[in-house]
Amino acid sequence: MATSTEDIKKYVPPDSGESEDVRNRAIMNEFLDSITQEALAAVQPIRQQWMGNVDYGRGKQWPDNIPGHRVPFTANMIGPTCKRKASYLTDTKPLIDVIPYSDKKLTETGELLTSLARAWWDERSINDALTHGLYTAQIFGSCPFNLIYNRDLDLGRGDVDLRPWDPRHFLIDPGVVRAHEIAESAFMIFEEMRPLELLRYQYPQHAAKLKADPTISKYSTFNPNSESGMVSALKRQMRQTFKLSRSASANSLIPKLVVQEYWVRDYRRFGDLSSDERDRINTQYAKDGWLPKKMGDLAFEGGRHIIRAGDVILVDEENPYWDRTMPGELLSWGMEIEHPWGQSEVTDLKKLQDVINKLGGSMVENSLHMNNLIWIGDANALTPLQWDKLSDKPG
């Protein structure tokens, strides 16, 4: 999928006397919502397989409704196995050297770049980031990485940053089926939460439009330990009768928004843009010391970079990186031929883990049964109801 003039035009709402800014904002939001829904629809069946993988890796491997006499024996092999593999793969770090290929006069420059690269590796804790990414990939089957230039690092001077991402907050073009080819996808989307005040500081021109998202800017104040006694019993009964929520909430002192960062291929020509857009792009090119674009040139070389917070478009620019590639990478764990999301280590080991837990549980239950007393008595020593209360259940 690629963005074209027709793609944009079909999201243009009828003219209702709105301001140009509001109208353009509605057009862009509808377009971004559309590609987001397309990516979600494609990945949803795969995400269903991820459900429970996190808890399973942590050792929650029995259903909640097992009979009371069963022993939920758990010998968690999956969690330690995933951690051990991640540590083995990052046990050593690469030796970085920058060496001039032909011009030996650049040897000193190469030595300087070598020192900088090694210092960056340690400063940004790249080994820790890779370890986290490898563990995440084993749990879900894959782990995205966002390799970006972070303007907030180094006291505001900016630096390169490698960030492992939660695959549940990452979307890509459904047309991509191999993880190593996602840089060629039509679009990719990174999602995260950021504090409202930080966004207002970073984008002061949009500060008045930014509003906190109430769904992620509250926290529960319900305390189940405070509910005891007759009064609390009455409160519980009232909640059940009137279908009231038991979860009281309060507003967070640090309100937040969901921020979506889009990288979209846009194959429109420079001449397809409005005169205002052409002037804006060429003005920026002139500041950067580049030649102005021609009418037949791509309007957005390397794609389009868009940042959205809520329904407010914070950034809409050409790909800012000199190599003109999207910064996302996807580390796939197990081989998969139908999609780029890989196969998780949990899926591979789950059946074996279930067998180990059931065998262990059966051994413990049988041991408890063998140690229970055997009840012997006259047939009329107890009433039938009293005999029923004498159980051989473990414990």
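Just so it is clear, the model here is predicted, and its values are computed rather than measured.

Brief notes about the packing of aromatic side chains
- Scanning the entire structure with this criterion turns up seven aromatic pairs.
- Ring geometry for Trp50 and Phe140: centres 5.6 Å apart, planes at 65°, overall edge-to-face. One end of the pair, Trp50, is in helix 2 (residues 20–50); the other, Phe140, is in helix 6 (residues 126–140), with 90 residues separating them in the sequence.
- Note on Trp165 and Phe190: the rings are 5.1 Å apart at their centroids and 75° apart in plane angle, and the pair reads as edge-to-face.

With respect to the nonpolar core
- Residues Leu32, Phe170, Met188 and Trp341 are the most contacted members of the largest nonpolar core, which totals 34 residues.
- Listing elements by their share of this core, those giving two or more residues are helix 2, helix 4 (78–89), helix 6, strand 3 (170–172), strand 4 (187–195) and strand 7 (256–264).
- The biggest single contributor to this core is helix 2, with eight residues.

So, the pairing of strand 8 (residues 304–309)
- In terms of burial, strand 8 is a largely internal element, six of the six residues being buried.
- What you see with strand 8 is no split at all: Arg304, Ile306 and Arg308 on one side and His305, Ile307 and Ala309 on the other are buried throughout.
- Two strands pair when backbone bridges link them, and strand 7 and strand 8 are joined in this way by six bridges, in the antiparallel orientation. By the bridge assignment, Gln260 is partnered in strand 8 with Arg308.
- As paired elements, strand 8 and strand 9 (residues 312–318) share six bridges and run antiparallel to each other. From the neighbouring strand, Ile307 faces strand 9, where its bridge partner is Val315.
- Count of turn residues in the strand 8/strand 9 antiparallel hairpin: two residues, of which Gly310 carries a positive phi of about 65°.

Considering the packing of helix 4 against helix 10 (residues 345–371)
- The N-to-C vectors of helix 4 and helix 10 enclose an angle of 145°; their axes lie 10 Å apart at closest approach. Of the two possible hands of crossing, helix 4 and helix 10 adopt the one that is right-handed. Here helix 4 contributes Ile78, Thr81, Cys82 and Lys85 to the contact with helix 10, which in turn contributes Glu345, Val346, Leu349, Lys350 and Gln353.
- Grouping the constituent residues of the contact of helix 4 with helix 10 by class yields four nonpolar, two polar and three charged.

As for helix 4
- With twelve residues, helix 4 ought to run about 16 Å at 1.5 Å a step, and its terminal C-alpha atoms sit 17 Å apart, in line with that.
- Listing the buried residues of helix 4 in full gives Ile78, Gly79, Cys82 and Ala86. Here the buried residues of helix 4 occupy an arc of 105° about the axis, which is enough to place them on one side.
- For helix 4, the secondary structure elements touched by its buried residues are helix 3 (53–58), helix 6 and helix 10.

A few points about the sheet that holds strand 10 (residues 328–332)
- The three strands are arranged 2-1-10 in an open sheet whose pairing can be described as antiparallel. Of all strands in the sheet, those with a lone pairing partner are strand 2 (159–164) and strand 10, marking the two edges. Strand-to-strand, the axes of this sheet are offset by a mean angle of 20°, without reference to chain direction.

What to know about unusual backbone geometry
- Positive phi outside glycine occurs at Ser125, with the angle close to 50°.
- With respect to the helices, strands and loops of the structure, Ser125 is situated in the loop between helix 5 (107–123) and helix 6.

What counts, and where the lines are drawn
Residues numbered from 1 in each chain as written. Predicted model: local features only at pLDDT ≥ 70, side-chain atom pairs only at ≥ 80, totals over all residues. Heavy atoms only, no water. Phe/Tyr/Trp six-rings, centres within 6.5 Å; stacked < 30°, edge-to-face > 60°. Helix = DSSP H or I, 4+ residues; strand = E, 2+ residues; numbered from the N terminus. Core = buried A, V, L, I, M, F, W, Y, C linked by side-chain atoms within 4.5 Å. Buried < 20%, exposed > 50% of the residue type's maximum accessible area, 1.4 Å probe, protein only. Pairing = 2+ DSSP bridges. Axes fitted to C-alpha atoms, helices over the stretch in contact; angles between N-to-C directions. Left-handed = near helix turned anticlockwise from the far one by under 90°. Contact = heavy atoms within 4.5 Å. Nonpolar A, V, L, I, M, F, W, Y, C, P; charged D, E, K, R; others polar. Expected span 1.5 Å × (residues − 1). Arc of directions from axis to C-beta.

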